[in-house]
Amino acid sequence: MDKSLRKAVIAGNWKMNKTPDEAKAIIEAMKPLVAGADCDVVLCVPYVDIFAAQQAAAGSNIQIGAENCHWAESGAFTGEVSAPMLKAIGVQYVIIGHSERRQYFGETDETVNKRVRAALDSGLTVILCVGELLDQRKKGITMEVVRSQVKVALGGVSADEMKQIIIAYEPVWAIGTGETATAEQANEVNHAIREVIGELYNADVAAATTIQYGGSMNAKNAAELVAQVDVDGGLIGGASLKAEDFSVIVKAASV
Ligand code: PGA
């Protein structure tokens, strides 16, 4: 399968880290290090950092995204932020279905699907996260779990809208643990995800969809992971908080 049919995307997921001033400082440090990268570079940051991050990233190749959005356009949902609100402030990317949202905030495949739908309706590009728990991997049901997560999350998404979908395969046991999936494990699941997309849509959509790996990707292991035929970049947590480390990952995806 030809990797040139799709874009490699290196996206940072800052989670609940950094104040606006700290965000500015990191992005200022990153800008010269990632300039000229041959992959898309995105930083998904806490809502309160978005404005400062956009200002700091202006004129560079770093794009700013959010870490979640609600499925309603507006309404009585205290503490939530809608997709049209993100669009209105110039955000293009949004992470949906991160395992921390699923684990700690009650997200289900169904609510993930509703949020995906809302993001697409606002013209946002979605970074859709899927991945198995350690227990599920031990039971040998990784493929079933991930296939089902992908299918439910993409319910009602058209072939044309798949241009706005990036999938991030993030095995939950590898997130923030320092334990990375092997390049073979990452490629195997990413390949299975591409097969599901082929079944849901067609071979062209499958070949054109960016499928990242995420889970303790860092400056040391990124090159081997992103070199895999079905791994089109990464979703990076901890290492995206360090300008130097993040830039090494961006360069690894640029070759
Ligand atoms: P990590 O996080 O790189 O710190 O493991 C990845 C993620 O949660 O997206």
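Residues numbered from 1 in each chain as written. Predicted model: local features only at pLDDT ≥ 70, side-chain atom pairs only at ≥ 80, totals over all residues. Heavy atoms only, no water.

J.: Which parts of the structure should I look at to understand the overall build of the protein chain?
T.: Of regular secondary structure, the protein chain possesses 11 helices and 8 strands. For 255 residues, the compact-globule estimate of 2.2 N^0.38 gives 18 Å, and the protein chain sits close to it at 17 Å. Its C-alpha atoms give the protein chain principal-axis dimensions of roughly 45 × 45 × 35 Å. Counting only residues that meet the buried cut, the protein chain has 54% of its 255 residues in that class. Long-range pairs, those at least 24 residues apart, make up 73% of the contacts in the protein chain between residues at least 6 apart in sequence. For the protein chain, the accessible area works out to roughly 10900 Å², and carbon and sulfur atoms hold 55% of it. (Helix = DSSP H or I, 4+ residues; strand = E, 2+ residues; numbered from the N terminus. Rg over C-alpha atoms; globule rule 2.2 N^0.38 Å. Buried < 20%, exposed > 50% of the residue type's maximum accessible area, 1.4 Å probe, protein only. Contact = heavy atoms within 4.5 Å. Areas by Shrake-Rupley, 256 points an atom, 1.4 Å probe, with all protein chains shown as cover.)

J.: How should the pattern of salt bridges be read in this particular structure?
T.: One side chain can pair with another of opposite charge once the charged atoms of both are near each other. In total, this model carries 16 salt bridges according to the counting rule given. Residues Arg 117 and Asp 121 are paired through a salt bridge, measuring 2.7 Å at the closest nitrogen-oxygen approach. With a gap of 4 residues between them, Arg 117 and Asp 121 both fall in helix α5 (residues 109-121), about one helical turn apart. Judged by relative accessible area, Asp 121 falls into the exposed class, the value being 56%. Among the charged side chains, a salt-bridge network with shared partners connects Arg 6, Arg 194, Asp 230 and Asp 232. (Salt bridge = Lys/Arg side-chain N within 4 Å of Asp/Glu carboxyl O.)

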